[in-house]
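A structural walkthrough
Here is what each chain is made of, one letter per residue.
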2 protein chains.
Amino acid sequence: MHFELIHHPDCPHSRFIRLALQEYHFSVDLTVERVWERRKEFLILNPAGTLPVLLADGQPPIPDAAIIAEYLVEILGDDIRATRLLPREPVERIEVRRQMSWFNDRFFAEVTRPLTEERYRRLMPIEAGGNASPNYQLIRNAGEAVRSYLEYIDGIVHHDGWLAGNRITYADLAAAAHLSVVGDIDEATWLETPAAWTWYGRLRSRPSFRALETPSWKGFSNAGLARQ
Amino acid sequence: MHFELIHHPDCPHSRFIRLALQEYHFSVDLTVERVWERRKEFLILNPAGTLPVLLADGQPPIPDAAIIAEYLVEILGDDIRATRLLPREPVERIEVRRQMSWFNDRFFAEVTRPLTEERYRRLMPIEAGGNASPNYQLIRNAGEAVRSYLEYIDGIVHHDGWLAGNRITYADLAAAAHLSVVGDIDEATWLETPAAWTWYGRLRSRPSFRALETPSWKGFSNAGLARQ
């Protein structure tokens, strides 16, 4: 099975699916889409206008990270890889899906969506809705939220090393994908959450993670977060 | 398998899962939760604080309508009912899940969440964040959005009778559950979307749908919608 993934390097949901594809050793061609341009051709593929979208030969376009994640497990079927990121037992799947949604939906709404929007607003010309002065209150709120999520992760991975059960799952990949676009998290926060720090380090050293390019705003310092 | 469902009669996601449980002929006890009270005991069951939550003997609490929907299919396994609302083929599942999310996430964000919040705000005492004068602009926007969703449904069900494929699926139940809490939709809108009207009528005449009690604001007329 050969895939094309329509994605954006800065999009946390795209990064989550790229990690999953790599963990499964699927080969994939990447195509960048700038969703804010709302191109007609793209909206035909995914009327919701969101990333990522997975294209596979002879299949309808597959939108939405959560839907793609389920699809990948299903096409693997009895392949040994199928249980790698989503366990086979319904009861174990509950926690993986709950955590996956915790990051793809909740962390996104509270942290990665406002941060991303704020970053793009700074980069856009004013006449196109851009704003040269970032909303620091919003960035600070997101920073506070990041800290509480890291405390949450710290409390869980302390016990068994991964977010949902005793091995890596979609939950860990989703969490790491979103954290990877937050930008620099200050040392003081990490010092308070040492188990989360170790967990994130283990994820970042995986080949799947190292294959992700750095988000385009890397080096574009996250002043609001670092300054707290 | 015997279930308890923590729900609210006005919550569209709860109504969606109640329809699914009835369509599968599962027996279920219902417990009402008022999530806005943010009761500690409830937040332990579901830290996200959302409805519904499904409780089954010896299982962890199952939160989130989409996660519950997947779980029900999985525990049915090879039971003939398993394919009733979610087909077995991965490629057919894409469209069911896409539409299910289209209503549970998108329609919710644009229509049922703002309408619900506005209704509760009117019913709450002012000192608790209530506001006796509803935001008519917000209600009008939601009404406009309902119309565009009905046109969307009208264009799809015209061809094959149901939203995703040639039989009823989770997609139809999710759409109908959300529409059922919108309140009265004016006749002019329905006249413009006759296929959607027929589709909705077929859903409303199903035993699963008739078993839902009327939302508590029924009769509490949706002036903003009706007046357009």
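Use the structure listed above.
First, a word on scope: everything that follows refers to the structure included in this document.

1. Considerations on the overall build of chain A
- Along chain A, the regular secondary structure elements total ten helices and four strands.
- Of the regular secondary structure in chain A, the N- to C-terminal order runs β-α-β-α-β-β-α-α-α-α-α-α-α-α.
- Looking at chain A alone, contacts between residues at least 24 apart form 72% of all its contacts between residues at least 6 apart.
- Carbon together with sulfur atoms contributes 52% to the accessible area of chain A, which is approximately 10300 Å² in total.

2. Brief notes about the sheet that holds strand β3 (residues 53-56) of chain A
Residues and elements named next belong to chain A.
- An order of β2-β1-β3-β4 is seen for the four strands of this open sheet, with the pairing classed as mixed. Either end of the sheet is taken by a strand with one partner, and the two such strands are β2 (27-32) and β4 (62-63).
- As paired elements, β3 and β4 share two bridges and run antiparallel to each other. Among the inter-strand pairings, L54 is bridged to a residue of β4, identified as I62.
- Helix-sheet contacts for helix α1 (residues 12-23) involve β1 (2-7), β2 and β3, and the interaxial angle to β1 is about 160°.

3. Some thoughts on helix α8 (residues 194-204) of chain A
- Taken together, the buried positions of α8(A) are occupied by A:A195, A:A196, A:W199, A:Y200 and A:L203. Each buried residue of α8(A) lies within a common arc of 130° when the element is viewed along its axis, so the set occupies one face.

4. Things to note about the layout of surface pockets
- Here the second largest pocket is characterised by a volume of approximately 570 Å³.
- Around the second largest pocket, the lining comprises 24 residues; the ones closest to its centre are A:E74, A:R93, B:E74, B:R88 and B:R93.
- Every element with two or more residues in the lining of the second largest pocket is listed here: α3 (65-76) and α4 (90-123) of chain A together with α3 (65-76) and α4 (90-123) of chain B.
- Tallied by class, the residues present in the lining of the second largest pocket amount to eight nonpolar, four polar and twelve charged.

5. Side note on the pattern of salt bridges
- Scanning the model with the defined rule gives 16 salt bridges over all chains in all.
- With a closest N to O distance of 2.6 Å, A:R93 and B:E74 form a salt bridge. Taken together, the residues A:R93 in helix α4 and B:E74 in helix α3 connect one chain to another.
- Of the charged contacts, one joins B:R206 and B:E23 as a salt bridge, the two residues approaching to 2.7 Å between their closest N and O atoms. Taken together, the positions of B:R206 in the loop between α8 (194-204) and α9 (207-210) and B:E23 in helix α1 (residues 12-23) put the pair 183 residues apart, joining distant regions of the chain.
- Since its relative accessible area comes to 22%, B:R206 is described here as partly exposed.
- With a relative accessible area of 6%, B:E23 lands in the buried category.
- Connected through shared salt-bridge partners, A:E70, A:R93, A:R97 and B:E74 make up one network.

6. Some remarks on the relation of the copies chain A and chain B
- With an axial shift of 0.0 Å and an RMSD of 0.0 Å, the rotation relating chain A to chain B amounts to 180°. Taken together, these values place the two copies in the relation of a two-fold axis.
- A symmetric contact is evident, with 100% of the interface residues of chain A recurring at the interface of chain B.

7. A few points about helix α6 (residues 170-182) of chain A
Residue and element names in this part refer to chain A.
- The end-to-end C-alpha separation of α6 is 19 Å, in line with the 18 Å expected for 13 residues at 1.5 Å each.
- Of all 13 residues that make up α6, 13 are buried, and the element is covered over most of its length.
- Once α6 ends, the next one or two residues include G183, with phi positive near 100°.

8. Notes on the sheet that holds strand β4 (residues 62-63) of chain B
All names here are of chain B.
- The sheet built from four strands is open, its strands ordered β2-β1-β3-β4 with mixed pairing. At either end of the open sheet lies a strand with only one pairing partner, and these are β2 (27-32) and β4.
- With six bridges connecting them, strand β1 (residues 2-7) and β2 associate as parallel partners. Pairing of I6 across the sheet is with T31, part of β2.
- Relative to β1, α1 is tilted by about 160°, and along the sheet it contacts β1, β2 and β3 (53-56).

Scoring rules and cut-offs
- Residues numbered from 1 in each chain as written.
- Chains lettered and ligands numbered in written order.
- Predicted model: local features only at pLDDT ≥ 70, side-chain atom pairs only at ≥ 80, totals over all residues.
- Heavy atoms only, no water.
- Helix = DSSP H or I, 4+ residues; strand = E, 2+ residues; numbered from the N terminus.
- Contact = heavy atoms within 4.5 Å.
- Areas by Shrake-Rupley, 256 points an atom, 1.4 Å probe, with all protein chains shown as cover.
- Pairing = 2+ DSSP bridges.
- Axes fitted to C-alpha atoms, helices over the stretch in contact; angles between N-to-C directions.
- Buried < 20%, exposed > 50% of the residue type's maximum accessible area, 1.4 Å probe, protein only.
- Arc of directions from axis to C-beta.
- 1 Å grid on protein atoms, 1.4 Å probe; cavity = no way out; pocket = protein on both sides within 12 Å on 5 of 7 lines; lining within 4 Å.
- Points joined across faces, edges and corners; volume = space filled by probe spheres on them.
- Nonpolar A, V, L, I, M, F, W, Y, C, P; charged D, E, K, R; others polar.
- Salt bridge = Lys/Arg side-chain N within 4 Å of Asp/Glu carboxyl O.
- Least-squares fit on C-alpha atoms with pLDDT ≥ 70 in both.
- Expected span 1.5 Å × (residues − 1).

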